[in-house]
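Chain by chain, the residues:
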Amino acid sequence: MTNGEGSNSEPLSRSIKLSACQRCHSRKVRCSGETPACSNCRKGGFADQCSYPTHGRRVKVKESYLRQLIAENARLRARQPGPQIPDPNQPTDPARLPEDDDAAPEDQNEAFQRPVVSPGVPMEGQPWFVDMDLPQNPTPISEGTDTAFATRFRQAISDPDGPPRFVPPHVDYAGDEEIMSLAEQHIPWPKPARARMLVDVAFMHASRGYHIVRRSSVLEALEKSLTNPDWRDPVMECKLRALFGLGEMCASKFVPPNQPFPGLSHFAQATKILNYLGEWPTLDLIEIRLILSIFSFTLNRIHSAYALAGSAIRMAVILGLHVNIHESQLPDSVLREHRNRLFWTAFILDRLWACKLGCPPALQDQDIQVDLPTDPPTPSPGSLPEDFVQARYVTAYVKLTLIMNKVVRSIYGKDKITTLFNKVQKRVLELKDWVEELPQSFRISTSLSSTNSAYHRYDVLSLHMTLNQTIILATRPILLYGLRLSMFSPPKPIPLAAKSLMDTCVTCARHTCRLLSSCWISGAFPPLYHDLTQYLFSALTVLAVSSLLNHEDTLSDKEWFEESVQLLEQLKDSGNLPASEFHRHVKLIIAALAKVEERRQGPHMRNTALTRSSVQGESVTTTSVTDTAPVRHSEAVITSGINATAETAEAALAEPSLQEFLLQPAVEMQFPDVTFDLFTDGNGLYWPEFDFQGQ
């Protein structure tokens, strides 16, 4: 029995290997995995030769992967740990209590909600993701967005050894719960006078820039809804609700305290149509989605606006709006033109929202086979002259959005073959040709007088603001490149071609800020609009960069930056949702600028002139670069030799230095600083290696 016990206990003392020994592996037989020898080796008399492979092998790992791990480790270290749930099975040790238990809950929440940006992220072409505390995954941020540029600018001028920079989260928008709650409520139909006024205001603002609905058909349906008690058309009701919401928003100057956003209740009622997904879409469904997309963008629901515009594009493709339809298949020429313009409006909105988010459009260029809009034919009975805007305006807007999409795709894309300067040169040439083809009736006078009638035309204003934004998108990487060179000690020389592009970028930013400021004074700036607010933020960020460059207009750009910040504050106080989000970025920019001036001036220059900018009631102080006292805008223009009336995008593209750059062959574009190539590799568009030593 003792022998039996010994034989039974022997296998229990042996450990089992999960892999086969080398002898069994070579013979392709099943191995028991026992140690020190398996059963096959013991039976064959090879117990002394039984051995198992070791798993401590060296694995080759890309250096980019290691850098990504290091960056992720730094990001996680920068975060404050959340509250720990104690294990009930473990005894509590008073000596090992968390050190942050006494911290205020709001401080912990703020640290958790701030998406931290590590200086090395993104690396090797990896997308830049920001943790938005979503239940699924972090949200990517495109390098082409204005908020990404503002963050990269702060990174470039901040001390890399300081606290990590973070991206303020996208939280200033109309919430889903509020919209769903309003959709379930009974919202009364506006009275006849009110309904007609809201539709007129919606047409006054939206129809000038975009062709979405035919005015004659909408007014006919509106009168039926007001005069016929038995009128019932759910689709047309949603379309009118969407127009009511758009008109109420355009007619409002501010958001009343403790009240919903103007037009939000009608917008919520119109979203009920989104629950209906028929097998075959209609033109009405496309029109409703485009109106809701514009309103969503004003609510700062930029992702919803992008999704709605993309949905409208796909519906248009199903109906064949992206191809020409023959007269024999659709004899009504007015309806054919309406189909054509409705598609191009969906195209414009889809491209605009895609460029603002840095996302791809819903339809590629090679899939579009429809002609551009033409002048409207002889109106059919019941139609109005206001049903169609000038075809030349729509054509100009379509071509401009095409160029903007090329800018985002090429300059901020993954093309590593073409150099950045060559890509910028090609896009600027296209913009120059676009300006030369622009009809005279759509040009803005060089006069900065607020009495200019063009300022009261939102369509012309929007077109030129989009032009300035496209030029800024194409040239601001070069502007940040020049800033990096100027911040070395001693400063490195900036190539002439780069300086020409930097001047073009700053000139367009000045024109945007001055034009929007003049429109605000004249009342032509809708306080709750999103697109003009975003263009203002983009321009003032460029002026913040220019204020750090040592040139004759530094003081003027600094003052215009401060004036633009004050305008952004007024928009925020009016209830403009995008302005609230951009204002948080501006506060961080001002704080970073103040630290740069402290490093530049040092303790021996404390008596220099000071300029103040008010941010949320708090006075943020920045020091002037020079020892001279600040002057007003008119004085700055005279002393610096700037002709303010000539600072337009058209004038900037006609500068002789820029013309010389545009005429240079690609092979002749040589730059002494090879580190500039880091702009086009995977190390992040705005974050190459930066040396702060010696400053």
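Fair warning: this is a prediction, and the values are worked out from it, not measured in the lab.

Participant: I'd like a rundown of the overall build of the protein chain, residues and numbers included.
Facilitator: Helices and strands together make up the secondary structure of the protein chain, namely 24 helices and six strands. Across the protein chain, contacts joining residues at least 24 apart in sequence account for 74% of those joining residues at least 6 apart. Summed over all atoms, the accessible surface of the protein chain reaches about 34300 Å², with 53% contributed by carbon and sulfur.

Participant: Just give me the short version of the packing of aromatic side chains, but keep the residues and values in it.
Facilitator: Taken as a whole and judged by the stated rule, the model has 14 aromatic pairs. Ring centres of Phe421 and Phe661 lie 6.5 Å apart, and the angle between their planes is 75°; on these two criteria the pair is classed as edge-to-face. Of this pair, Phe421 sits in helix α16 (residues 420–437) while Phe661 sits in helix α24 (residues 656–662), and the two are 240 residues apart along the sequence. Taken individually, Phe421 and Phe661 each receive the classification buried, so the pair is uniform in this respect.

Participant: Please give an account of unusual backbone geometry that cites residues and values.
Facilitator: Note that the residue after Thr35, namely Pro36, is joined by a cis bond; omega there is 10°. Its location among the elements puts Pro36 in the loop between α2 (22–27) and α3 (39–44). Although it is not a glycine, Asn258 adopts a positive phi angle of roughly 60°. Here Asn258 shows up in the loop between α10 (234–251) and α11 (264–270). Since its relative accessible area comes to 81%, Asn258 is described here as exposed.

Participant: Hey, could you go over a nonpolar patch on the surface for me, with residue numbers and the actual values?
Facilitator: There is a patch of nonpolar side chains on the surface, built from Tyr65, Leu66 and Leu69 and spanning about 290 Å² of accessible area. Positionally, Tyr65 belongs in helix α4 (residues 63–78). You can call Tyr65 partly exposed: its relative accessible area is 44%.

Participant: Residue-level account of the environment of Leu528, with values.
Facilitator: Relative to the assigned elements, Leu528 resides in the loop between α18 (496–522) and α19 (531–546). Along the primary structure Leu528 and Val255 are separated by 273 residues, whereas in three dimensions their C-alpha atoms are 8.6 Å apart. Those residues within four positions of Leu528 in sequence are excluded, and the remaining contacts are Met249, Ser252, Val255, Phe261, Pro262, Thr298, Ser574, Gly575 and Asn576.

Participant: Report on the packing of helix α12 (residues 283–298) against helix α14 (residues 333–357), specifying residues and quantitative values.
Facilitator: Contact geometry for α12 and α14: axes closest at 11 Å, N-to-C directions at 30°. One way to sum up the angle between α12 and α14 is to call them roughly parallel. Crossing handedness for the pair α12 and α14: left-handed. Contact residues: Leu283, Ile286, Glu287, Leu290, Ser293, Ile294 and Phe297 in α12; Leu335, His338, Arg339, Leu342, Thr345, Ala346, Leu349, Trp353 and Lys356 in α14. A per-class count over the contact of α12 with α14 returns ten nonpolar, three polar and three charged.

Participant: How would you sum up the state of the cysteines? Please name residues and give values.
Facilitator: Inspection of the entire model under this criterion finds zero disulfides. Cys41 provides the cysteine sulfur closest to Cys38, a residue in no disulfide bond, and the two sulfurs are 3.5 Å apart.

Participant: Explain the packing of α16 against α18 to me, and be specific about the residues and the numbers.
Facilitator: In the contact formed by α16 and α18, the axes pass within 12 Å of each other and the chain directions differ by 45°. Classified by the interaxial angle, the pair formed by α16 and α18 is oblique. Two packed elements cross with a definite hand, and for α16 against α18 that hand is left-handed. Counted together, Phe421, Val424 and Val428 of α16 and Ala497, Ala498 and Leu501 of α18 form the full contact between these two elements. Taken together, the residues of the contact of α16 with α18 sort by class into six nonpolar, no polar and no charged.

Participant: Can you lay out the side chain of His170 for me, pointing to particular residues and giving the numbers?
Facilitator: Relative to the assigned elements, His170 resides in the loop between β4 (165–166) and α7 (176–184). Note on His170: relative accessible area 16%, which makes it buried. Reaching out from His170, the side chain makes a polar contact with the backbone oxygen of Asn300 at a distance of 3.2 Å. Only 2.7 Å separates the side chain of His170 from the side chain of Glu581, close enough to count as a polar contact.

Participant: Now, about the confidence of the model for the protein chain: what can you tell me, with residues and values included?
Facilitator: Mean pLDDT over the protein chain: 76, with 72% of residues reaching 70 or higher. The least confident element of the protein chain is helix α22 (residues 633–640), whose mean pLDDT is 32; the most confident is helix α13 (residues 302–318), at 95. Note that pLDDT drops below 50 for residues 446–455; the model gives that stretch 22 contacts with residues more than four away or on any other chain. Segment residues 604–646: pLDDT under 50, and 80 contacts once partners within four positions in sequence are set aside and those in other chains are kept.

Participant: So what's going on with helix α17 (residues 458–486)? Residues and values would help.
Facilitator: End to end, α17 covers 39 Å across 29 residues, agreeing with the expected 42 Å (1.5 Å per residue, within 8%). Along α17, the helix axis deviates most sharply at Thr475, where the bend reaches about 45°; the proline Pro477 sits within four residues downstream. With respect to burial, α17 is a largely interior element, 29 of its 29 residues being buried.

Participant: Provide a residue-level description of the pattern of salt bridges, including the pertinent values.
Facilitator: One pass over the structure, following the stated rule, counts 23 salt bridges. One salt bridge in this structure joins Arg443 and Glu650, with 3.0 Å as the shortest N-O distance. Of the two residues, Arg443 sits in the loop between α16 and α17 while Glu650 sits in helix α23 (residues 649–653), which places them 207 residues apart along the sequence.

Participant: Can you tell me about the environment of Leu501, naming the residues and giving the values?
Facilitator: Here Leu501 shows up in helix α18. Linking Leu501 and Leu479, residues 22 residues apart in sequence, is a C-alpha distance of 7.4 Å. Excluding residues that lie within four positions of it along the chain, Leu501 makes contacts with Phe421, Val424, Val428, Thr475, Ile478, Leu658 and Phe661.

Analysis parameters
- Residues numbered from 1 in each chain as written.
- Predicted model: local features only at pLDDT ≥ 70, side-chain atom pairs only at ≥ 80, totals over all residues.
- Heavy atoms only, no water.
- Helix = DSSP H or I, 4+ residues; strand = E, 2+ residues; numbered from the N terminus.
- Contact = heavy atoms within 4.5 Å.
- Areas by Shrake-Rupley, 256 points an atom, 1.4 Å probe, with all protein chains shown as cover.
- Phe/Tyr/Trp six-rings, centres within 6.5 Å; stacked < 30°, edge-to-face > 60°.
- Buried < 20%, exposed > 50% of the residue type's maximum accessible area, 1.4 Å probe, protein only.
- Patch = residues over 30% accessible without salt bridge, like charges linked within 9 Å, V, L, I, M, F, W, Y side chains within 5 Å.
- Salt bridge = Lys/Arg side-chain N within 4 Å of Asp/Glu carboxyl O.
- Axes fitted to C-alpha atoms, helices over the stretch in contact; angles between N-to-C directions.
- Parallel < 35°, antiparallel > 145°, perpendicular 65-115°, else oblique.
- Left-handed = near helix turned anticlockwise from the far one by under 90°.
- Nonpolar A, V, L, I, M, F, W, Y, C, P; charged D, E, K, R; others polar.
- Disulfide = S-S within 2.5 Å.
- Polar contact = N/O pair within 3.5 Å; in protein donor to acceptor, adjacent residues only side chain to side chain.
- pLDDT = per-residue confidence, 0-100.
- Expected span 1.5 Å × (residues − 1).
- Bend = angle between axes of the 7 residues up to and from the residue.

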